[in-house]
Amino acid sequence: MMLGNPSNATDAIVNADNYLMVKSQYSLSYNNSKLTTNWTSWHLYPNDITNAADRQDDFRADDMLPAGWYHVTESDFDYATYGFDRGHMCPSADRTSSILNNSATFLMTNMIPQAPNNNQGPWAKLEDYGRSLVNSGYELYIIGGPYGQGGKSAKGTFSILASGVVVPSYTWKIIVVIPNGNNDLSRISNTTRVIAVWMPNNNDTCPMSSLWTSYRVSVDYIESQTGYDFLSNVSSTIQDVIEASVDNQ
Ligand code: MN
Ligand code: MN
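Quick look at the structure, then. For clarity, every value in this text was computed on a predicted model and none was experimentally measured.

Calculation criteria
- Residues numbered from 1 in each chain as written.
- Chains lettered and ligands numbered in written order.
- Predicted model: local features only at pLDDT ≥ 70, side-chain atom pairs only at ≥ 80, totals over all residues.
- Heavy atoms only, no water.
- Helix = DSSP H or I, 4+ residues; strand = E, 2+ residues; numbered from the N terminus.
- Rg over C-alpha atoms; globule rule 2.2 N^0.38 Å.
- Buried < 20%, exposed > 50% of the residue type's maximum accessible area, 1.4 Å probe, protein only.
- Contact = heavy atoms within 4.5 Å.
- Areas by Shrake-Rupley, 256 points an atom, 1.4 Å probe, with all protein chains shown as cover.
- Lys, Arg positive; Asp, Glu negative; His and termini not counted.
- Charge placed at Lys NZ, Arg CZ, Asp CG, Glu CD.
- 1 Å grid on protein atoms, 1.4 Å probe; cavity = no way out; pocket = protein on both sides within 12 Å on 5 of 7 lines; lining within 4 Å.
- Points joined across faces, edges and corners; volume = space filled by probe spheres on them.
- Nonpolar A, V, L, I, M, F, W, Y, C, P; charged D, E, K, R; others polar.

Overview of the overall build of the chain
Looking only at helices and strands, one finds six helices and ten strands in the chain. Taken over the C-alpha trace, the chain has a radius of gyration of 17 Å; the compact-globule value for 249 residues is 18 Å, and the two agree within 12%. In terms of overall dimensions, the chain has C-alpha extents of about 45 × 35 × 35 Å along its principal axes. Going through the 249 residues of the chain one by one, you find that 57% of them count as buried. Of the contacts made within the chain by residues no fewer than 6 positions apart, 69% connect residues no fewer than 24 positions apart. Approximately 10300 Å² of the chain is accessible, and the part contributed by carbon and sulfur atoms is 49%. In the chain, 14 positive and 24 negative side-chain charges are present, and the distance between their average locations comes to 6 Å.

In structure tokens form, the structure reads like this:
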């Protein structure tokens, strides 16, 4: 969250639809009406992807939610009925430095009902590309989340799961790319590369074979859709520049 708190989330229980959860592995704003994250943010650098731990696959409810709230479980997504993946926001493969860190990515507060073609296609390709940047000397600040309501899987179009989990209509992600180093915030400038994407949560309009580069937008576009202010800890004059452009590298 070094780059900011896009929705001014807090950990007050009354703030149930913008409830801040800070973990060692990632932070998020939880929405207790949608039963998903609003946004999830994390940092990615070489020490996160050492492959010291295998994929744990221990999907489970998040015990850190307030006790009186509904806790989404692994079985809520019921693939046979709905056909959506339990789509990680912070990817399993971004947290391989320990069993503990990898396991944290399988908490259900890190999952959205994600169309398989989106999740396993261009979304996964962008995740892979991010790790390739880290392996070639960069560190990343990443924030992503769901938007809207109503997605399409191979089983059909759904707006909500039986337990109340909202199916988003889009997925979005912003990646700030800087050379690996120190004093990160101060190194973000008008020429810093920022990748932003906006992908339909729809098996038809976001096919498995499509490239992540086909879904690039500006940060300003995602701000206008979501109402959030991203990169708010970066000076506004720099935000004005790097949020307006669309990555083309
Ligand atoms: Mn995924
Ligand atoms: Mn901004």
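The discussion continues.
Details of the layout of surface pockets
Estimates place the volume of the largest pocket at around 290 Å³. Lining the largest pocket are 15 residues, with R55, R86, H88, N119 and E127 sitting closest to its centre. Taken together, the elements giving at least two residues each to the lining of the largest pocket come down to β4 (85–88), α3 (116–120) and α4 (122–134). Class assignment for the residues of the lining of the largest pocket results in four nonpolar, five polar and six charged. Surrounding the second largest pocket, 13 residues form its lining, S24, Q25, Y26, H43 and R95 being those nearest its centre. By residue number, the principal contributor to the lining of the second largest pocket is strand β3 (residues 36–44), which donates three residues. Classifying every residue of the lining of the second largest pocket gives four nonpolar, six polar and three charged.

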